[in-house]
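This is what each chain is made of:
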There are 2 protein chains.
Amino acid sequence: MPERKPRADAARNREAVLEAADRLIANRDRPAQVTMADIAAAAGVGKGTLFRGFGDRTGLIHALFEARLEPVRQAVTEGPHPLGPATPPRERALALLDALLCFKLDHRHLSLALEEAASDSPYGAAHYDWWHATLSGVLERLPGFTGSDFAAHALLAAVRADLVDHLAGRQQLSRERLRAQLADFAGRVLGGPAPDGATGGAVSAGGAGPH
Amino acid sequence: MPERKPRADAARNREAVLEAADRLIANRDRPAQVTMADIAAAAGVGKGTLFRGFGDRTGLIHALFEARLEPVRQAVTEGPHPLGPATPPRERALALLDALLCFKLDHRHLSLALEEAASDSPYGAAHYDWWHATLSGVLERLPGFTGSDFAAHALLAAVRADLVDHLAGRQQLSRERLRAQLADFAGRVLGGPAPDGATGGAVSAGGAGPH
DNA sequence: GCTTAAGCGGACCCTCGGTCCGTATAGTCG
DNA sequence: CGACTATACGGACCGAGGGTCCGCTTAAGC
């Protein structure tokens with residue numbers, strides 16, 4: 001295959017851009033306020049470099065999001081107990097949702113930016129499909145559970161970035177309270193026995209986790 | 001109060017603009033493709049008239065949405081059986097969600113436009129607060145139901161325009177199938193007895209309803 | 001060191017939301 | 001019915017921001 005490895009300065013610049021974008025988005029409170037020119041300036045590169053490396057604004061945000069999400073994804077596909085594949089379905093579904101919620105709380109602005117940058121809504125973005133497939137697959141393994149496809153969509157909708165932002169930011173709902181509410185809600189959807197405690201999921205990298 | 005009634009031509013133009021916007025949004029498949037200039041041209045007025053009458057793009061879409069939603073709102077606040085206030089909580093909650101889903105299906109592009117036009121996410125828009133307050137209030141009357149505030153948010157998230165659009169449009173899920181799935185999901189959240197049939201809610205105006 | 005192609009960057013372009021102000025007219029009063 | 005004025009019209013204009021282009025720079029192989 002024609003995979004050519006990029007020049008050293010290109011790689012360095014790519015990192016600088018991602019880092020600058022992350023910082024800018026995290027600091028301004030409306031992600032739309034961060035312009036491509038801002039990012040280029042903050043990273044110390046020209047606009048051309050941004051667009052050559054990422055295609056367009058959506059591509060840049062997407063790449064950044066993907067990079068930050070990677071640890072969580074890893075924890076889900078091959079990680080240890082609560083998130084990993086060995087966990088029994090009910091508990092794992094709750095852990096997945098909790099981890100996703102924590103991630104969105106920890107990367108509030110970035111997640112928000114991703115949703116509003118998505119040219120055609122979050123749906124159709126690769127990472128959404130992945131979450132949906134994963135969650136849906138887990139639900140399917142719950143004995144007697146039906147409609148797992150729609151249920152997965154609906155549960156994921158409950159942790160959408162703008163809703164999370166609205167509740168945590170505008171309405172000052174604390175992290176713990178939010179997690180508890182979500183667990184309560186999800187538990188009801190999954191049916192079966194009430195959980196005997198907090199789910200405690202979430203990966204440590206990037207600050208995600210109970211905090 | 002200084003409520004002056006508008007000049008006749010102003011009122012006529014206002015209607016023309018709403019009508020043109022509705023038509024354009026419904027026909028193009030990405031609402032963002034419809035520009036303010038397009039709408040002005042289609043309505044046979046100048047851009048100035050648009051902005052004078054509605055403030056900005058968000059205001060225009062909002063006004064249009066509000067106008068189309070009015071019948072549903074009416075049916076909820078003072079209408080007859082399934083949607084009206086006299087209905088027992090569980091059934092009414094299901095009817096509300098079903099009506100909202102039907103509305104979003106019937107006004108897919110408009111709802112989509114509203115969500116992506118909202119300067120700061122759907123949350124914080126007046127109509128969302130109204131739906132949330134209403135649904136949350138209904139849930140509260142369910143005996144033994146807890147966390148109705150969050151549950152209302154989560155349930156409303158399940159019928160967000162872009163998700164509905166994704167399922168109905170991109171994934172070709174039929175109207176009836178979608179309604180059944182939602183009813184199933186919501187039923188699980190509400191707990192209690194399984195419903196004995198379709199909820200059948202939705203107002204007739206504007207084409208909303210079982211179809 | 002020399003060559004070369006990968007990479008750089010910022011001037012430039014275009015679209016689109018939003019503004020402004022000179023002109024036209026609906027509504028009113030004598 | 002004609003004059004007067006507040007209201008509204010509309011399109012030229014503006015600024016911002018995403019995205020492009022091309023002459024210059026420089027890393028990397030020989």
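Quick caveat, the model's predicted, so the values are computed rather than measured.

1. Section: the relation of the copies chain B and chain A
- Expressed as a screw operation, the relation of chain B to chain A combines 0.0 Å of axial shift with a rotation of 180°, fitting to an RMSD of 0.1 Å. Such values leave the two copies arranged in the relation of a two-fold axis.
- Here 100% of the interface residues in chain B have copies in chain A that are interface residues too; the copies meet face to matching face.

2. Thoughts on the protein's contact with DNA strand C
- If you check the shell around DNA strand C, you find 21 residues, and the closest are Arg7, Asn13 and Arg52 of chain A together with Lys47 and Arg57 of chain B.
- Here the atoms of DNA strand C within 4 Å of the protein split so that 61% fall in sugar or phosphate, with bases taking the remainder.
- Take Arg7 of chain A: an N or O atom from its side chain is 2.5 Å from a base nitrogen of DNA strand C.
- The contact in question runs from a base oxygen of DNA strand C to an N or O atom on the side chain of Lys47 of chain B, over 2.3 Å.
- Among the elements of the structure, α1 (8-27) and α3 (47-54) of chain A together with α1 (8-27) and α3 (47-54) of chain B are those that each provide at least two residues to the surface near DNA strand C.
- No other element matches α3 of chain A, which puts four residues into the surface near DNA strand C.
- Class assignment of the residues belonging to the surface near DNA strand C gives a composition of six nonpolar, six polar and nine charged.

3. Some remarks on the protein's contact with DNA strand D
- Near DNA strand D, the surroundings consist of 22 residues, among which Met36 and Lys47 of chain A together with Arg7, Asn13 and Arg52 of chain B are the closest.
- In the model, a phosphate oxygen of DNA strand D is placed 3.5 Å from a nitrogen or oxygen of the Thr49 of chain B side chain.
- Broken down by element, the residue count for the surface near DNA strand D peaks at four residues, all from α3 of chain B.
- Among the residues forming the surface near DNA strand D, the class breakdown is six nonpolar, six polar and ten charged.

4. Some points on the packing of aromatic side chains
- Applying the stated criterion across every chain, the model contains nine aromatic pairs over all chains.
- Geometrically, the ring pair formed by Phe150 of chain A and Phe185 of chain B is edge-to-face, given 6.0 Å between the ring centres and 75° between the ring planes. Taken together, the positions of Phe150 of chain A in helix α8 (residues 148-157) and Phe185 of chain B in helix α10 (residues 175-190) put the pair across two chains. Accessibility assignment for this pair places Phe150 of chain A and Phe185 of chain B in one class, buried.
- Taken together, the ring pairs in this structure connect Phe150 and Phe185 of chain A together with Phe150 and Phe185 of chain B into an aromatic cluster.
- Above the face of the Trp130 of chain B ring, Arg73 of chain B is positioned so that its terminal group lies 4.8 Å from the ring centre.

5. Remarks on the UniProt feature "DNA-binding region" (unreviewed entry) in chain A
- In the numbering adopted here, UniProt assigns the feature "DNA-binding region" (unreviewed entry) to residues 35-54 of chain A.
- Taken end to end, residues 35-54 of chain A has its terminal C-alpha atoms 14 Å apart, with 80% of it in helix and 0% in strand.

6. Points about the pattern of salt bridges
Residue and element names in this part refer to chain A.
- Inspection of every chain in the model, using the stated rule, returns 28 salt bridges over all chains.
- Between Glu66 and Arg73 there is a salt bridge, and its shortest N-O distance comes to 2.3 Å. Arg73 carries the same exposure label as Glu66, and that label is buried.
- When the shortest N-O distance is used, the salt bridge between Glu115 and Lys104 registers 4.0 Å. With Glu115 in helix α6 (residues 108-117) and Lys104 in helix α5 (residues 89-106), this residue pair connects regions lying eleven residues apart in the sequence.

7. Points about the layout of surface pockets
- Each pocket or cavity is described by its volume, and for the largest pocket that value is around 660 Å³.
- What lines the largest pocket is a set of 30 residues, among which Glu115 and Glu116 of chain A together with Glu115, Glu116 and Ala117 of chain B lie closest to the centre.
- For the lining of the largest pocket, the secondary-structure elements that each account for two or more residues are α6 and α9 (161-170) of chain A together with α6 (108-117) and α9 (161-170) of chain B.
- The element contributing the most residues to the lining of the largest pocket is α6 of chain B, with four residues.
- In the lining of the largest pocket, the residues fall into nine nonpolar, four polar and 17 charged.

8. What about the packing of helix α4 (residues 57-78) of chain B against α6 of chain B?
Residues and elements named next belong to chain B.
- Between α4 and α6, the least distance of the axes is 9 Å, while the angle of their chain directions is 140°. In terms of their interaxial angle, α4 and α6 are classed as oblique. The interaxial crossing formed by α4 with α6 has left-handed handedness. Side by side, α4 and α6 meet where Thr58, Ile61, His62, Leu64, Phe65 and Arg68 of the first sit next to Leu110, Ser111, Ala113, Leu114 and Ala117 of the second.
- A class-by-class count of the residues in the contact of α4 with α6 yields seven nonpolar, three polar and one charged.

Reading guide: rules and limits
Residue numbering note: each chain is counted from 1, following its sequence as written. The lettering of chains begins at A and the numbering of ligands begins at 1, in the order of writing. Where local features are concerned, this predicted model is filtered to residues with pLDDT of at least 70; where side-chain atom pairs are given and counted, the filter is 80 or more; whole-chain, interface and lining totals use all residues. Heavy atoms throughout the structure, all of them, feed into the side-chain values; hydrogens and water do not. Residues below a pLDDT of 70 in either copy are left out; the C-alpha atoms of the rest, at least 70 in both, set the least-squares superposition of the copies. Residue contacts follow a heavy-atom distance rule, with two residues in contact if any of their heavy atoms lie within 4.5 Å. Any residue with at least one heavy atom within 4 Å of a molecule or strand is counted as near it. Residues adjacent in sequence count toward polar contacts only when both atoms are side-chain atoms; beyond that, a polar contact is any pair of N or O atoms within 3.5 Å, and within protein one must be able to donate a hydrogen and the other to accept it. Secondary structure elements are defined from DSSP: runs of H or I of at least 4 residues count as helices, runs of E of at least 2 residues count as strands, and each element is numbered from the N terminus. Any residue outside Ala, Val, Leu, Ile, Met, Phe, Trp, Tyr, Cys, Pro, Asp, Glu, Lys and Arg is labelled polar, Gly included; the first ten of those are nonpolar and the last four are charged. Pairing of aromatic rings covers Phe, Tyr and the six-membered ring of Trp, with a centre-to-centre limit of 6.5 Å; geometry is then stacked below 30 degrees between planes, edge-to-face above 60, and tilted otherwise. Classification of residues uses two cut-offs on accessible area relative to the type maximum, computed with a 1.4 Å probe and protein chains only: under 20% is buried, over 50% is exposed, and between them is partly exposed. The criterion is that NZ of a Lys, or CZ of an Arg, lies within 6 Å of the ring centre and within 35 degrees of the ring normal, and then a charge sits over that ring. UniProt positions are given in the numbering used here, feature names are shortened, and annotations may be inferred rather than shown by experiment. Salt-bridge detection follows one rule: a side-chain nitrogen of Lys or Arg within 4 Å of a carboxyl oxygen of Asp or Glu. Buriedness for pockets is judged along seven lines, at least five of which must meet protein on both sides within 12 Å for an open set on the 1 Å grid over protein atoms alone, while cavities are sets there where a 1.4 Å probe fits but cannot get out, and lining residues have an atom within 4 Å of a point. Grid points are joined across faces, edges and corners, and a volume is the space filled by probe spheres set on the points. Lines fitted to C-alpha atoms define the axes here, with helix axes fitted over just the stretch in contact, and angles between the N-to-C directions of these axes take values from 0 to 180 degrees. Here is the rule for angles: anything less than 35 degrees is roughly parallel, anything more than 145 is roughly antiparallel, 65 through 115 is roughly perpendicular, and the remaining ranges are oblique. Should the near helix be turned counterclockwise from the far one by less than a right angle, the crossing is left-handed, whereas a clockwise turn marks it as right-handed.

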